[in-house]
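Chain by chain, the residues:
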Amino acid sequence: MEQPDHLQPKNFPRLVNDSFLCACRKQDTSHVPVWCMRQAGRYLPEFRETRAAQDFFETCRSPEICCELTLQPLRRFPLDAAIIFSDILVIPQALGMEVHMEPGRGPVFSEPLKDPEDMKKLKTKIDVVEELGYVFRAITLTRHKLEGRVPLIGFTGAPWTLMTYMIEGGGSNTMSKAKRWLYQHPKISHTLLQLLTDVIVDYLVGQVAAGAQALQVFESHAGCLGPKQFSEFALPYLRSIASRVKSKLKSDNMDAVPMIVFAKDGHYAIEELAESSYDVIGLDWTMCPKEVRQKLAGRKALQGNLDPCALYASKENIEKMVKQMLEDFGHQGYIANLGHGLYPDMDPEHVGAFVDAVHKFSKTETKEN
Ligand code: CP3
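Throughout what follows, the structure given in this document is the object of discussion. (Residues numbered from 1 in each chain as written. Predicted model: local features only at pLDDT ≥ 70, side-chain atom pairs only at ≥ 80, totals over all residues. Heavy atoms only, no water.)

1. Structural notes on the overall build of the chain
And then number 1: Of the regular secondary structure elements, the chain holds 14 helices and nine strands.
And then number 2: Against the globule reference of 21 Å for 369 residues, the chain gives a C-alpha radius of gyration of 20 Å, in line with a compact fold.
And then number 3: Counting all 369 residues of the chain, 56% fall into the buried class.
And then number 4: Partitioning the contacts of the chain with sequence separation of at least 6, the portion at a separation of at least 24 is 74%.
And then number 5: Charge separation in the chain, taken as the distance between the mean sites of 43 positive and 47 negative side-chain charges, equals 3 Å. (Helix = DSSP H or I, 4+ residues; strand = E, 2+ residues; numbered from the N terminus. Rg over C-alpha atoms; globule rule 2.2 N^0.38 Å. Buried < 20%, exposed > 50% of the residue type's maximum accessible area, 1.4 Å probe, protein only. Contact = heavy atoms within 4.5 Å. Lys, Arg positive; Asp, Glu negative; His and termini not counted. Charge placed at Lys NZ, Arg CZ, Asp CG, Glu CD.)

2. Observations regarding the side chain of Asn 337
And then number 1: Relative to the elements of secondary structure, Asn 337 occurs in strand 9 (residues 334-338).
And then number 2: Using a relative accessible area of 0% as the deciding quantity, one classes Asn 337 as buried.
And then number 3: Here the side chain of Asn 337 touches Met 37 through a polar contact of 3.0 Å, landing on its backbone nitrogen.
And then number 4: Residues in contact with Asn 337, not counting those within four places in the same chain, are Trp 35, Cys 36, Met 37, Gln 303, Gly 304, Asn 305, Leu 306, Met 325 and Phe 354. (Polar contact = N/O pair within 3.5 Å; in protein donor to acceptor, adjacent residues only side chain to side chain.)

3. A few points about the packing of helix 9 (residues 186-210) against helix 10 (residues 227-251)
And then number 1: Close contact between helix 9 and helix 10 brings their axes to 9 Å; oriented N to C, the two are set at 30 degrees. Comparing their axes, helix 10 and helix 9 come out roughly parallel. The chirality of how helix 9 crosses helix 10 is right-handed. The segment helix 9 lies against helix 10, with Pro 186, Ser 189, His 190, Leu 193, Gln 194, Thr 197, Asp 198, Ile 200, Val 201, Leu 204, Val 205 and Val 208 engaging Glu 232, Phe 233, Tyr 237, Ser 240, Ile 241, Arg 244, Val 245, Lys 248 and Leu 249. (Axes fitted to C-alpha atoms, helices over the stretch in contact; angles between N-to-C directions. Parallel < 35°, antiparallel > 145°, perpendicular 65-115°, else oblique. Left-handed = near helix turned anticlockwise from the far one by under 90°.)

4. Focus on the site of the ligand
And then number 1: Close contacts around the ligand come from 22 residues, with Arg 38, Arg 42, Asp 87, Ser 220 and His 340 the closest.
And then number 2: At 3.2 Å, a backbone N or O of Gln 39 approaches an oxygen atom of the ligand.
And then number 3: When the free accessible area of the ligand is taken as 860 Å², the share hidden by the protein chains comes to 87%.
And then number 4: Where the shell around the ligand is concerned, the elements lending two or more residues are helix 2 (45-52) and strand 3 (106-109).
And then number 5: The residue makeup of the shell around the ligand, split by class, is 13 nonpolar, five polar and four charged. (Near = heavy atom within 4 Å. Areas by Shrake-Rupley, 256 points an atom, 1.4 Å probe, with all protein chains shown as cover. Nonpolar A, V, L, I, M, F, W, Y, C, P; charged D, E, K, R; others polar.)

5. A closer look at the packing of aromatic side chains
And then number 1: Under the defined criterion, the tally for this structure stands at eight aromatic pairs.
And then number 2: Ring geometry for Phe 155 and Phe 218: centres 5.7 Å apart, planes at 90 degrees, overall edge-to-face. Placement of Phe 155 in strand 4 (residues 152-157) and of Phe 218 in strand 5 (residues 214-219) is noted, with a sequence separation of 63 residues between them. Grouping residues by exposure puts Phe 155 and Phe 218 together as buried.
And then number 3: Where Phe 230 meets Tyr 268, the ring centres are 5.7 Å apart and the plane angle is 75 degrees; that geometry is what we call edge-to-face. Remark: Tyr 268 occurs in the loop between strand 6 (259-263) and helix 11 (270-274) and Phe 230 occurs in helix 10; sequence separation between them is 38 residues.
And then number 4: For Phe 230, a relative accessible area of 0% corresponds to the buried category.
And then number 5: An aromatic cluster is present here, built from Phe 47, Phe 56, Phe 57 and Phe 85 joined pairwise through their rings. (Phe/Tyr/Trp six-rings, centres within 6.5 Å; stacked < 30°, edge-to-face > 60°.)

6. Considerations on the nonpolar core
Soluble, globular proteins show a tendency: their nonpolar side chains are buried together.
And then number 1: Ranked by size, the top nonpolar core spans 132 residues in total, and within it Phe 20, Leu 192 and Phe 354 carry the most contacts.
And then number 2: For this core, the element with the most residues is helix 9, which contributes 12 residues.
And then number 3: Not counting residues up to four positions away in its chain, the partners in contact with Phe 354 are Val 34, Cys 36, Leu 306, Leu 311, Ile 318, Val 322, Met 325, Asn 337 and Leu 338. (Core = buried A, V, L, I, M, F, W, Y, C linked by side-chain atoms within 4.5 Å.)

7. As for the pairing of strand 5
And then number 1: Of all six residues making up strand 5, six are buried, and the element is well covered by its neighbours.
And then number 2: Burial along strand 5 is two-sided: the face carrying Ala 214, Gln 216 and Phe 218 and the face carrying Leu 215, Val 217 and Glu 219 are both buried.
And then number 3: Inspection of the sheet shows strand 4 paired to strand 5 by five bridges, in the parallel sense. Pairing of Gly 154 across the sheet is with Leu 215, part of strand 5. (Pairing = 2+ DSSP bridges.)

8. Overview of helix 13 (residues 315-329)
And then number 1: With 15 residues, helix 13 extends 21 Å between its outermost C-alpha atoms, agreeing within 8% with the 21 Å of an ideal straight helix rising 1.5 Å per residue.
And then number 2: Regarding helix 13, the residues found buried are Ile 318, Val 322, Met 325, Leu 326, Asp 328 and Phe 329. Taken down its axis, helix 13 places every buried residue within 160 degrees of arc, on the same side. Those residues of helix 13 that are exposed and angled more than 90 degrees off the buried face are Glu 316, Lys 320 and Glu 327.
And then number 3: The first or second residue beyond helix 13 is Gly 330, which carries a positive phi of 80 degrees. (Expected span 1.5 Å × (residues − 1). Arc of directions from axis to C-beta.)

Next up, the structure:
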């Protein structure tokens, strides 16, 4: 039986606000586009209410709830992009690992990878449609329900960041178990990183086929690697993801989509990342926008980077900080965002003040002719 239109990745509504996609491509926009990492999150009372009913990963497996959670921040704020509600840890799950979310503690793996022998427990080849089709269905539904208001961003965790979770079994301050693998078992670490890269490429292409209009790769744990280890264990995989996704989209006759890389605390790798096929480099708040602009000499669009904690400041001060940030980045080839995700105790009104300030200080009069 033919499925109804809103469940199929075709006949999507025409995109009305394309400022985010234009900025990714360094084209002129009428204002600086803005979105927030973790904009669908626990700081919103309506999110807590929707999420309260069931387990976190059950939520991730329900396209209707993912769609609702994705749309919630857009009902409150004039954001210029939506990001699909999901999680980076759906990939380790697809490879056969058991993960659950413990309230107050975060993700917990029941059997993390302890030594290279444990690699045998992982599936070596997976069909992403079979294992992660629920994410694709959430993307398709959400793209329809957005009614073309703003573009929808898909995402993944990067191989190194996923490897840390799979070995540490959850959050960690030192990442010492995962880093031990890099020093004691470099070859098998590369095997694991390559396996993750292969799955990620199929997963991202699948997200675009399902309706994602841009992709962000989260290398959230770049900071625990020094420049040398980053060059060996993170960068090659990040680069390969961007180039393989782009060539696969081309060979499958799909339109190219902008790709964003966000390597948190990876300041030492900015120039190398700028030589990759990503369109946009995401900056965390420890980086100085002017310096990065100078270093990269306009090669890439930039995204970021207000300290999320700046949202604890008064609304007046948020405005001042946003004004300064816009001056430092310049308005072209720039997407305003925070330097990392929103925290659960943040005041939604202050998030609104951040978004409004970006628009207020960056709107240009439409030029005649
Ligand atoms: O940005 C968005 O609004 C989209 C949704 C999104 C979530 N996770 C939902 C989520 C995105 C993009 C992610 C990515 C993600 N997940 C990352 C990379 C980004 C980053 O923060 O560096 C990481 C490292 C994870 C793993 C993860 N998921 C952790 C460490 C936690 C616990 C943190 C916490 O705040 O408790 C999660 C849970 C999670 N993922 C929540 C949300 C909204 C909160 C838990 C809940 O709703 O019960």
